[in-house]
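Understanding the architecture of this molecule
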Amino acid sequence: MAISSFHPPLRTLMGPGPSDVHPRILEALGRPTLGHLDPLFVGMMDETKELLKYAFQTSNELTLPISAPGSAGMEACFVNLLEPGDKALVCVNGVFGNRMIENVTRCGATAIRLDFAWGTAVEPAAVEAALKEHADIKVLAFVHAETSTGALSDAEALCGLAKQYGCLSIVDAVTSMGGVPLLVDKWQADAVYSGSQKCLSCTPGLSPVTFSPAAVAAIKARKHPVQSWFLDMNLILGYWGEGGKRAYHHTAPVNALYGLHESLVMLQEEGLENAWQRHATMHNALAAGLESLGIQFVVAAEQRLPQLNSVYIPDGVDDATTRQYLLANHDLEIGAGLGDLAGKVWRIGLMGYSAKPENIRMLLSALAAAMLAQGYKCDANAALAAAEAVLA
């Protein structure tokens, strides 16, 4: 059979990621491809590093985008900092904490698991108690913004505990970068990874990472080779080092990096504080509208992630039927629950370019229509009025 070109419909992406890609970034992706060792491209790589330092709020020299999605950024942090026989304290309050456990085990290290209820933040007091109990912990790992539940943990307190008890911290900031404060140097975080497809509004496939001087020292002091050749920071350093001659490591995704560069330029133009405030305002408007529809949040307000809104599905409303209605009738995507929350919640993203008033209005109207069609009583106009009151 003859297969023709693929032309996707224009969707509005309000799930857990990817988010809508800004037109400026789509234009950047289509610019002429350069060789990955071309001097002009090397110059753009250096600019990308500086822009990432701004986004991370760090002066860490080892700051770069891994040429793979956020899961590879996660793996890069674990395989470089953990060796066989090491111990890692891993905080699990959702799906992505479980993935950290898997990474620890595959490094030949021992994972000490510390569980918290899904939909709640990691509790610093419990972490401190575990660090006191286990004096030989090398790494404390936790998810800053748990995408499976919408819970935001206190990264400053947790990284502070890691320093106090003499271990390194690994922080999952895939959903937090660009959406909420992420202050790597101030918080003394050691290894932090993120993703391009969330609040940066870029295409999926790149993972910004940053390593502190303490983390770099630990990498250089390893007794065993890093188990991943591709993610070995000792090798990547030669490719992403400052200016000058680059040692060939891999062929970078040139056009994808154009897109990331453009998204970071846009973040700089908006200003980090303004981006954080925009996400907070859009969340408050959406929350007012959803609560008017009788929809309840999974996470308490003080621990809630503004860019990922996890809400309980009302009684009498079907999960899949609703999401299919939104997609078929409005080209609108929201996310299903994962793990313990599968079938019980929707995950509604307000990330980057998707975090804007017109998307909130569309979602509230469409969601009300989808639920009314299933016999659930709600008032779309009241929901819209509640959201507009916040936006005003």
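Our structure's up above, just so we're on the same page.
All values reported here derive from a predicted model rather than from experimental measurement. Each chain has its residues counted from 1, running along the sequence as written. Under the rules for a predicted model, residues below a pLDDT of 70 receive no local features and side-chain atom pairs below 80 are neither given nor counted, while totals for whole chains, interfaces and linings still include all residues. By convention in this description, side-chain values take in all heavy atoms of the structure and omit both hydrogens and water.

**Observations concerning a nonpolar patch on the surface**
A contiguous nonpolar patch, built from Trp 229, Phe 230 and Leu 235 and spanning about 290 Å² of accessible area, is present on the exposed surface. Elements are defined by DSSP. Helices are runs of H or I of four residues or more, strands are runs of E of two residues or more, and each kind is numbered from the N terminus. Within the secondary structure, Trp 229 sits in the loop between helix H8 (213-220) and helix H9 (233-240). We call a residue buried when its accessible area falls under 20% of the maximum for its residue type, exposed when it is over 50%, and partly exposed in between, using a 1.4 Å probe and counting protein chains only. Trp 229 gets classed as exposed once you look at its relative accessible area, which sits at 53%. A patch consists of residues whose relative accessible area exceeds 30% and which take part in no salt bridge; residues with like charges are grouped when within 9 Å of each other, and nonpolar side chains (Val, Leu, Ile, Met, Phe, Trp, Tyr) when within 5 Å. The Shrake-Rupley method, run with a 1.4 Å probe, gives the accessible areas here. Residue values count only the displayed protein chains as cover. Note on definitions: salt bridges are taken to be side-chain nitrogens of Lys or Arg within 4 Å of carboxyl oxygens of Asp or Glu.

**Notes on H9**
By the burial criterion, the buried members of H9 are Met 233, Ile 236, Tyr 239 and Trp 240. For H9, the buried positions fall inside an angular range of 110° around the axis, keeping them on one side. For H9, the N-terminal cap is Asp 232; the gap from its side-chain oxygen to the backbone nitrogen of Asn 234 is 2.9 Å. Directions are taken from the helix axis to each C-beta atom, and the arc is the one they span. Identification of polar contacts relies on pairs of N or O atoms within 3.5 Å, with a donor-acceptor requirement for protein atoms, meaning one able to donate a hydrogen and the other able to accept it, and with residues adjacent in sequence counted only if both atoms are side-chain atoms.

**As for the layout of surface pockets**
Reported here for the largest pocket is a volume of approximately 370 Å³. Lining the largest pocket are 16 residues, with Leu 10, Arg 11, Leu 13, Asp 20 and Val 21 positioned closest to its centre. Among the elements of the structure, strand E1 (12-13) and helix H13 (357-372) are those that each provide at least two residues to the lining of the largest pocket. Among the residues forming the lining of the largest pocket, the class breakdown is nine nonpolar, four polar and three charged. A cavity here means a set of 1 Å grid points, computed over protein atoms only, where a 1.4 Å probe fits but cannot escape. A pocket is an open set with protein on both sides within 12 Å along at least 5 of 7 lines, and lining residues have an atom within 4 Å of a point. Grid points are joined across faces, edges and corners, and a volume is the space filled by probe spheres set on the points. Under the scheme applied, nonpolar residues are Ala, Val, Leu, Ile, Met, Phe, Trp, Tyr, Cys and Pro; charged residues are Asp, Glu, Lys and Arg; polar residues are all the others, including Gly.

**Quick word on the sheet that holds strand E3 (residues 87-92)**
The strand order E2-E10-E9-E8-E5-E3-E4 describes an open sheet built from seven strands, whose pairing is mixed. On the outer flanks of this sheet lie strand E2 (62-66) and strand E4 (110-115), each paired with one strand and no other. Ignoring which end each strand starts from, the neighbouring axes of this sheet average 15° apart. Whether two strands pair comes down to DSSP finding at least two bridges between them. The pairing of strand E9 (residues 191-193) with strand E10 (residues 207-211) spans three bridges and is antiparallel. The partner of Val 192 across the bridge, within E10, is Thr 210. Note on definitions: a residue-residue contact is assigned when non-hydrogen atoms from the two residues lie within 4.5 Å. In this analysis, axes come from line fits to C-alpha atoms, helices being fitted only over the stretch in contact, and the angle between any two N-to-C directions falls in the range 0 to 180 degrees. Sheet strands in contact with helix H4 (residues 95-106) are E3, E4, strand E5 (139-143), strand E8 (168-172) and E9, and its direction is about 165° off that of E3.

**Considerations on the packing of helix H12 (residues 319-330) against H13**
Two elements in contact, H12 and H13, have axes whose closest approach is 9 Å; the angle formed by their N-to-C orientations is 120°. As summarised for this structure, H12 and H13 are arranged oblique, according to the angle between their axes. Considering the relative orientation of H12 and H13, their crossing is right-handed. Packed against H12, whose contacting residues are Thr 322, Tyr 325, Leu 326 and His 330, the element H13 presents Met 362, Ala 366, Leu 367, Ala 369 and Ala 370 at the interface. Taken together, the residues of the contact of H12 with H13 sort by class into seven nonpolar, two polar and no charged. Roughly parallel refers to an angle under 35 degrees, roughly antiparallel to one over 145, roughly perpendicular to one between 65 and 115, and oblique to any angle outside these ranges. Note on convention: near helix rotated counterclockwise from far helix by under a right angle means a left-handed crossing. Clockwise means right-handed.

**A short note on the packing of helix H11 (residues 272-292) against helix H14 (residues 380-391)**
Running from N to C, H11 and H14 point in directions that differ by 155°, and their axes come no closer than 7 Å. One way to sum up the angle between H11 and H14 is to call them roughly antiparallel. Along this stretch, H11 crosses H14, giving a crossing that reads as right-handed. Only Ala 382, Ala 383, Ala 386, Ala 387, Val 390 and Leu 391 of H14 make contact with H11, whose side of the interface consists of Thr 281, Met 282, Asn 284, Ala 285, Ala 288, Gly 289 and Ser 292. Considered class by class, the residues forming the contact of H11 with H14 number nine nonpolar, four polar and no charged.

**Things to note about unusual backbone geometry**
Note the cis peptide between Gly 17 and Pro 18, where omega equals 5°. Within the element layout of this structure, Pro 18 appears in the loop between E1 and helix H1 (23-29). Residues other than glycine seldom take positive phi values, yet Gln 188 does so here, at roughly 60°. You can see Gln 188 is positioned in the loop between helix H7 (184-187) and E9. Owing to a relative accessible area of 43%, Gln 188 belongs among the partly exposed residues under this scheme. Non-glycine residue Ser 201 carries a positive phi angle of around 60°. By the secondary structure assignment, Ser 201 is in the loop between E9 and E10. Take Ser 201: its relative accessible area is 4%, and that puts it in the buried class.

**A closer look at the nonpolar core**
By nonpolar core we mean a set of buried residues, namely Ala, Val, Leu, Ile, Met, Phe, Trp, Tyr and Cys, connected to one another through side-chain atoms within 4.5 Å. Counting 99 residues, the largest nonpolar core has Ile 66, Val 127 and Phe 211 as its most contacted members. The element contributing the most residues to this core is helix H10 (residues 254-270), with eight residues. Discounting chain neighbours no more than four positions away, the residues touching Phe 211 are Asn 60, Leu 62, Ala 76, Cys 77, Asp 190, Ala 191, Val 216, Ile 219 and Met 233. Counting residues in each nonpolar core, the second largest holds 32 residues, with Phe 297, Ile 334, Ile 348 and Leu 384 among its members.

**Points about the side chain of Asp 172**
Note that Asp 172 resides in strand E8. The contact partners of Asp 172, leaving out residues within four places of it in the chain, are Phe 96, Met 100, Phe 142, Val 143, His 144, Ala 145 and Tyr 193.

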